[in-house]
Each structure stands twice: as C-alpha cells, then as structure tokens.
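Observations on chain architecture
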Amino acid sequence: MGSPSPYLPGLATIMKIEEQTAMEKLFMLRPNDGKPLGHKPGQFVEVSVFGVGECPISVSSAPNKKADFEICVRRAGNVTNALHNLKAGDVIGIRGPYGTHFPVEDLRGKDLLFVAGGLGIVPLRSFINYALERRKDYGRIIVLFGARTPADRLFKAELASLARRPDLEYLETVDVGDASWKGNVGVITTLFPKFTIDPKKTYAVMVGPPVMYRFAIAAARAKGLADDHIIVSLERKMKCGLGKCGHCQMGPVYVCQEGPVFNFAAIKNLEEALS
Amino acid sequence: MNLAIIEKEGLRLFLAELLRRKNTVVGVKDQSAVSSIPGDSGFYTYAPINSPEEMTLSFDVTLIPPKKYLLPAYEQLLTFNLSPGSIKADAPKEELIVFGVHPYDIIAINQMDKVFSAVPQDNHYLERRKRTTIIGIDPVKAAPRAFWSSMGADTVAGGFDLMLTDIGQCYVTEVGSKKGASLLKMAPGAREAAPAEAKERDKVRAEARKRCDANRLNFSYLELPSLLDGKEEHVIWEEKSYLCFSCGTCNLVCPTCYCFDVRDDVSIDLKKGSRYRTWDGCLLSDFAQVAGGGNFRGHRADRYRHRFYRKGQFIYRRFGDIACVGCGRCSAQCPSDIADPVAVFNRLKEGI
C-alpha cells in the first residue's frame, strides 16, 4: 500500500491504573513513540486491546505538553472488560484523536455551566481542567455533577477539591442516596433551581446518558439559555472513527466526524439525534 | 481508438489470452442448475473464471454485486502479536479483472470510490480499487425487479476500463482508461467502430432501457432527496417494517451498502492475531447498539426507514449521489418483499 493504513494504531503503555468505582477505572497512558496525542477537550481515541478489538473512548485529561494522557473506562463491553483486566506496563493500541472538540477558544470570556451526568464527567473533565489552567480566560464556572448513587461518583477526591475552590461553583447530586449521603438527592435537573445565571454570557456544556439531555436541555432553556448556548457531546457506536463504517450515523450525520461535540441548535431538529 | 469493435470470437480469444497470461479473472456464471427455485430462469454469481466457456455476458443481474471484490466480506486490515511490539497493516496485493459489470453496478462502485477516498482516506479500499480492472457490459435483459432505467443508471460515463455492448454480431467496446486501451490491444481483430455501429449501440441501449421501464419510479429519481423531507413520521415505515425480519439481506445484496464491522481474530496458539473488517448492515438489530446495551436504533421501523433515507437522501447530501442504482436485488431477495424501493418511493410520491 502506497499510503498508510488509517486503521493502524500506535502503541501506548499503561503507566498507572486507578480504580474509580466498581465499574470504572482511570488509565494513565504513555504513547510508546513519546509524542503527545495532540487532542483537544472532547475528542476521543479508538482504543485497541489486541486480540479483543477496538472501541471509542473519550480522553479525560486536559491537553498538555506531556505525552501522557488519561482515559476513564467503564467496564461495559468486550474491549472495556479486557482493559479492566490489564495491569500497569501492559501495552494497548491507540488511534486518534478523532472527532470535534468543545469550543474552548470560542467560549473564552464566557460563563461556563458544565452539566455532567455519570460518565459524562469523563470528557468534561478535560475541558474543566483546561479552563482551570486558564482560569482568567473564562468567566464564572459552574459544575453540576450527577451520579446514580454515592458509590458511583467518579473522581471523588478531585471533585471534592473543585468544590473547595473559591473560583468555581460546584453542585452535586445522586439519584438515590445512602446512609452516609448528606447532599442533594434527585436527578441532575433538581440542581438547577440552586443557582442563577446570566443567559447572555453563559454556555451550558452537557455530557451524560441519552436520557439526560431532554431534561437537562429543558432546564437550561428554562434558565433562559438560547439553543446555540447549549453544547452537547453524544455517544454513538463509533467503530472506525473515519466516517466510513456507518455505525455512528445519526440521520445523515456521522457522529465520529461532525461530532461527538455538537451545538444543540445545529442538531435539535435532526431525527435520531436526541430521543 | 475510443470506440472499438471486438467480434464475438475475438472476445472469446481475448478472455482466453487474459487467462493464459495468468490474470485472475472473475466473471458471471450461470448457476441456474444449482438453484433450488423451481423454474428459476437465471441465477447468476460472480466467480473466478478458468475458461471463456464458464462465463456469460447475457445475465440480467447477479445475486451479490461485484462490491465483494472491492470491499471483501472478510478483509484483513492488520496483523499483530498478542504481546504487542509488532503490528502491521495488510495491503491488498492481488490484481483482479472483473469481467462483465453492468452500468448500475459500476455507478455503485464509483460511489464507493467517493466514500472511501473522502478524507480520511481508506487506503485498504483504494489500493484494492487501483488493482481492479473493470470490464463493463451493457445489459440486454432486465431482471424482473430491476428499475435502473428510472434511476439514471442505464448507462455510465466512467469508472470502467472497457465497456462492451452486444450489438448482435460483435461488441462495441468503449475505452474508459489507459489500462483499458492497453487491454484492448490483446483482443484479436479489434478495430475502430464505424458510425453505424455506434448508432447500433444506442439502439441496443434504448431497447434494454425500454425493457427495464416495465418496473419504474413514477417520477425523476432526482426528486428523492426532497421527497423524503418531512416523511420521517409517515405510516409506511411502521406498516412495511412490521414484516421485517431484521435479516439484513437488503444490505448484503445492495451494491451501494458498504457499512462494515471491525473485529479481531486470534490464532489458535494465542500468539498472533489479526484485525479484519466484515460486512455489516443497518437493518440488523444490533447495528447501532453500544456496549452496555444502549441501542440508538433499536426500533425496527427506525432501521427500516434509515435505509431508505440513506439511499434517497443521506448519501446525496454527503456525496451528491442517490445511493440506489435500481438493480432490484433487495426487492428480489427480501424474504418478505418489503425492501422494494420502487414500491416505497412511488407510494411516498403518491402521498398516501
């Protein structure tokens, strides 16, 4: 073949694995060629466990000068189950980064309202940390985080330190509490009455399970946010990441190419986008 | 010589010469003898050819389109060691001559060329395409469910190396590429076509078109993208898909369906593995299902509708092509006969 295969992954070594919950682990990866991934917040990579397969995973760390990056993976399918069985020092394959990213430059000077449902915190963490590293570039930062139960909460220590920051407003909730839980109980939209925003300068950036969007978007609209002030990132089966294999199609849109990050105004009338 | 004449015997000798020179040639074989359908008049498949006698050029349509040679049903992309360290891409190496491809199938291949050469390019496909020679043949028959004449797919301007038209005693042969021009030199007795012979070709094509017109869209196929606008909630999707087995046959036999899955295989000693792609179909129930069980097109009617939108609108919006060429394979092979684009699109046009 005269030109390289777009399916050929680079190799990366697992440097460290941190158990987040019973279902999720955080993997710190180092590309074997020492080159930084070059991603922007919101992009994803295709992760290979050789002999098992490949699947799309969003990058959870903010871009930086170092080559190391992080992915947080829920044990859900063949590849992710295999990943959970690996240990530090094991080598996996990485292709990418792929897809659109959060409009981190366009949102400079704006107020940011992050809405993270469950695993949605994983790609948002990349943007949140990116913004915190450039704190002066952004206005208010509000982070809403919802999990099913207290035990399902990801990045517990990190989020606790976010909550202590004076330059960030952090609100969290769980769908179902337990004996130890003193915080808010209810779906993520129950956090919305707890703060006010200036809708003209605020942008909501939402990532969560499919069911979350309808309600979270309605809540954001009720706060006066225009549709083009709502940014979402959508999950689909992005098998090839190249806009060929057809699995991630949402009507005419290939989520791996035009997404996963979309401006809500651009897709609100698209059949199949949000159910 | 852009328009040549090859005599019937000349074509036989041409094919024999290609085989003698150890070219791998696939052509259409009449498999009626092995068909289990009583009274089946034609059952054609593309298969490797060892002698000119094995091949027919007077078929109506093949069971599976020639896409199987450009996007093989099982295509190895990578090989690797399970204890990683070595991983490499597999490049297609074989050269292939596909002998006898109808214009509608060439149009479908031209569409795949666009899809796979769109950035990011799929070099596996492009390399295979480069190594494939296409010798077209104008149809003289139309399959009972074919409707290519109303899909603008009765003739094709490019995408072939040679294009043959059977005008009775001989084949009018159009040269479509440099490769085609040099191939033509191997055809004994090939000569420049006379104006009358070129006219005869038009006549043969017009007659074939007429035969195919028995089954047709009642409107211009170019209206399809706008016709589908706002029809997402039409009753036809639920109604027709009620009989859908989600078997994916319509995808499998479609020359413009190219969706694929990517999977890994492991050798029996658990030391080496390979990554391959294999055909997938949007009508299969788990096509849009993600790990964890969420299915973004879990409803049968939504999958059924997706296919028609893809054919009539989505690919058009992306690449400018209507992704149905009217071959009629889906209509003929759907177990419950609900896949026919003519029936669906004509009904949407009638507005009932």
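Scroll up to find the structure this text is about.
Figured I'd write up the structure that's included with this text. (Residues numbered from 1 in each chain as written. Chains lettered and ligands numbered in written order. Predicted model: local features only at pLDDT ≥ 70, side-chain atom pairs only at ≥ 80, totals over all residues. Heavy atoms only, no water.)

1. A closer look at the interface of chain B and chain A
Contacts between the two partners involve 49 residues from chain B and, on the opposite side, 39 residues from chain A. Together chain B and chain A conceal approximately 3,700 Å² of surface at their shared face, both sides included; 58% is due to carbon and sulfur atoms. When residues of chain B are sorted by the area they lose upon contact with chain A, Arg-275, Phe-296 and Arg-318 of chain B head the list and together hold 17% of the total. The interface formed by chain B and chain A includes five salt bridges. A salt bridge links Arg-318 of chain B to Glu-258 of chain A, with the nearest nitrogen and oxygen atoms 2.8 Å apart. (Contact = heavy atoms within 4.5 Å. Buried area = accessible area lost by both parts, 1.4 Å probe. Salt bridge = Lys/Arg side-chain N within 4 Å of Asp/Glu carboxyl O.)

2. Overview of the packing of helix H2 (residues 121–133) of chain A against helix H3 (residues 156–164) of chain A
Residue and element names in this part refer to chain A. At a minimum axis separation of 13 Å, H2 and H3 run at an interaxial angle of 40°. Taken together, the axis directions place H2 and H3 in an arrangement best described as oblique. When the axes of H2 and H3 are compared, the crossing they make is left-handed. Contacts between H2 and H3 pair Ile-121, Arg-125, Ile-128, Asn-129 and Leu-132 from the former with Glu-158, Leu-159 and Leu-162 from the latter. (Axes fitted to C-alpha atoms, helices over the stretch in contact; angles between N-to-C directions. Helix = DSSP H or I, 4+ residues; strand = E, 2+ residues; numbered from the N terminus. Parallel < 35°, antiparallel > 145°, perpendicular 65-115°, else oblique. Left-handed = near helix turned anticlockwise from the far one by under 90°.)

3. Let's talk about the packing of aromatic side chains
Residues and elements named next belong to chain B. One pass over the structure, following the stated rule, counts 21 aromatic pairs over all chains. With 6.5 Å between their ring centres and 75° between their planes, Tyr-46 and Phe-59 make a pair best called edge-to-face. Taken together, the residues span a long stretch of sequence, with Tyr-46 in strand S3 (residues 44–48) and Phe-59 in the loop between S3 and helix H2 (67–70) at a distance of 13 residues. Accessibility classification places Tyr-46 together with Phe-59 in one group, the buried group. (Phe/Tyr/Trp six-rings, centres within 6.5 Å; stacked < 30°, edge-to-face > 60°. Buried < 20%, exposed > 50% of the residue type's maximum accessible area, 1.4 Å probe, protein only.)

4. Some details on the side chain of Ser-331 of chain B
Considering the arrangement of structural elements, one finds Ser-331 of chain B in helix H11 (residues 329–333). Apart from residues lying up to four places away in sequence, Ser-331 of chain B is in contact with Arg-145, Phe-147, Asp-337, Asp-340 and Pro-341 of chain B.

5. Some points on the sheet that holds strand S11 (residues 260–266) of chain B
Residues and elements named next belong to chain B. Sheet architecture is open: four strands sit in the order S5-S4-S12-S11, paired in antiparallel fashion. Two strands bound the open sheet, and with one partner strand each, they are strand S5 (87–89) and S11. In this sheet, adjacent strand axes meet at a mean angle of 25° when their direction is disregarded. Contacts from helix H4 (residues 123–130) reach strand S4 (74–81), S5 and strand S12 (272–279) within the one sheet, and its direction differs from that of S4 by about 125°. (Pairing = 2+ DSSP bridges.)

6. Some points on empty space enclosed by the protein
Empty space among the atoms can be located by rolling a probe the size of a water molecule over them. Residue and element names in this part refer to chain B. Inspection of every chain in the model, using the stated rule, returns six cavities of 30 Å³ or more. For the largest cavity, the calculated volume is near 120 Å³. Along the wall of the largest cavity there are 16 residues; nearest its centre are Cys-244, Cys-250, Leu-283, Cys-334 and Ile-338. Here the element with the most residues in the lining of the largest cavity is helix H10 (residues 300–319); it accounts for three residues. In terms of residue class, the lining of the largest cavity is built from 11 nonpolar, four polar and one charged. Within this model, the second largest cavity holds a volume of roughly 80 Å³. In terms of lining residues, the second largest cavity is bounded by 13 residues, among which Cys-254, Pro-255, Cys-324, Cys-327 and Cys-330 are the most central. Per-class residue counts for the lining of the second largest cavity are eight nonpolar, three polar and two charged. (1 Å grid on protein atoms, 1.4 Å probe; cavity = no way out; pocket = protein on both sides within 12 Å on 5 of 7 lines; lining within 4 Å. Points joined across faces, edges and corners; volume = space filled by probe spheres on them. Nonpolar A, V, L, I, M, F, W, Y, C, P; charged D, E, K, R; others polar.)

7. As for the sheet that holds strand S10 (residues 184–185) of chain A
All names here are of chain A. An order of S10-S9-S8-S7-S11-S12-S15 is seen for the seven strands of this open sheet, with the pairing classed as mixed. The open sheet has two edge strands with one neighbour each: S10 and strand S15 (261–263). Of the pairings in the sheet, the one linking strand S11 (residues 202–207) to strand S12 (residues 230–233) comprises three bridges and is parallel in character. Looking at the pairing, Ala-204 lines up with Ile-230 of S12. Against the sheet, helix H4 (residues 210–222) engages strand S7 (111–117), S11 and S12, with an angle of about 170° to S11.

8. Side note on the environment of Ala-323 of chain B
Residues and elements named next belong to chain B. Secondary-structure assignment places Ala-323 in the loop between H10 and H11. Separated by 259 residues in the primary sequence, Ala-323 and Ile-64 place their C-alpha atoms 17 Å from one another. If we skip the residues at most four places from it in the chain, Ala-323 touches Gln-111, Thr-256, Arg-310, Lys-311 and Ile-315.

9. Concerning the pairing of strand S6 (residues 91–98) of chain A
Residue and element names in this part refer to chain A. Alignment of strand S1 (residues 10–19) against S6, held across four bridges, turns out to be antiparallel. Across the sheet, residue Gly-10 finds its bridge partner in S6, namely Ile-94. Bridge analysis of strand S3 (residues 44–49) against S6 gives four bridges, and the strand direction is antiparallel. In the sheet register, Phe-44 faces S6, and the bridge partner there is Tyr-98.

10. Remarks on the packing of helix H3 (residues 103–117) of chain B against H4 of chain B
Residue and element names in this part refer to chain B. Following both chains from N to C, one finds H3 and H4 inclined at 140°, their axes separated by 9 Å at the closest point. The angle between H3 and H4 falls in the class oblique. The interaxial crossing formed by H3 with H4 has left-handed handedness. Note on element contacts: H4 touches H3 through Tyr-125, Leu-126 and Arg-129, opposite Ile-109, Met-112, Asp-113, Phe-116 and Ser-117. Residue composition of the contact of H3 with H4, grouped by class: five nonpolar, one polar and two charged.

11. Structural notes on unusual backbone geometry
Here the residue pair Gly-96 of chain A and Pro-97 of chain A is connected by a cis peptide bond, since its omega of 5° sits within 30 degrees of zero. The omega torsion across Gly-259 of chain A and Pro-260 of chain A is 5°, close enough to zero to call that bond cis. Along the chain, Pro-260 of chain A turns up in the loop between helix H5 (255–258) and S15. We note that Ser-246 of chain B has phi near 55°; this positive angle belongs to a residue other than glycine. Within the secondary structure, Ser-246 of chain B is located in the loop between helix H8 (235–241) and helix H9 (249–252). One non-glycine residue, Asp-337 of chain B, lies in the positive phi region at around 50°.

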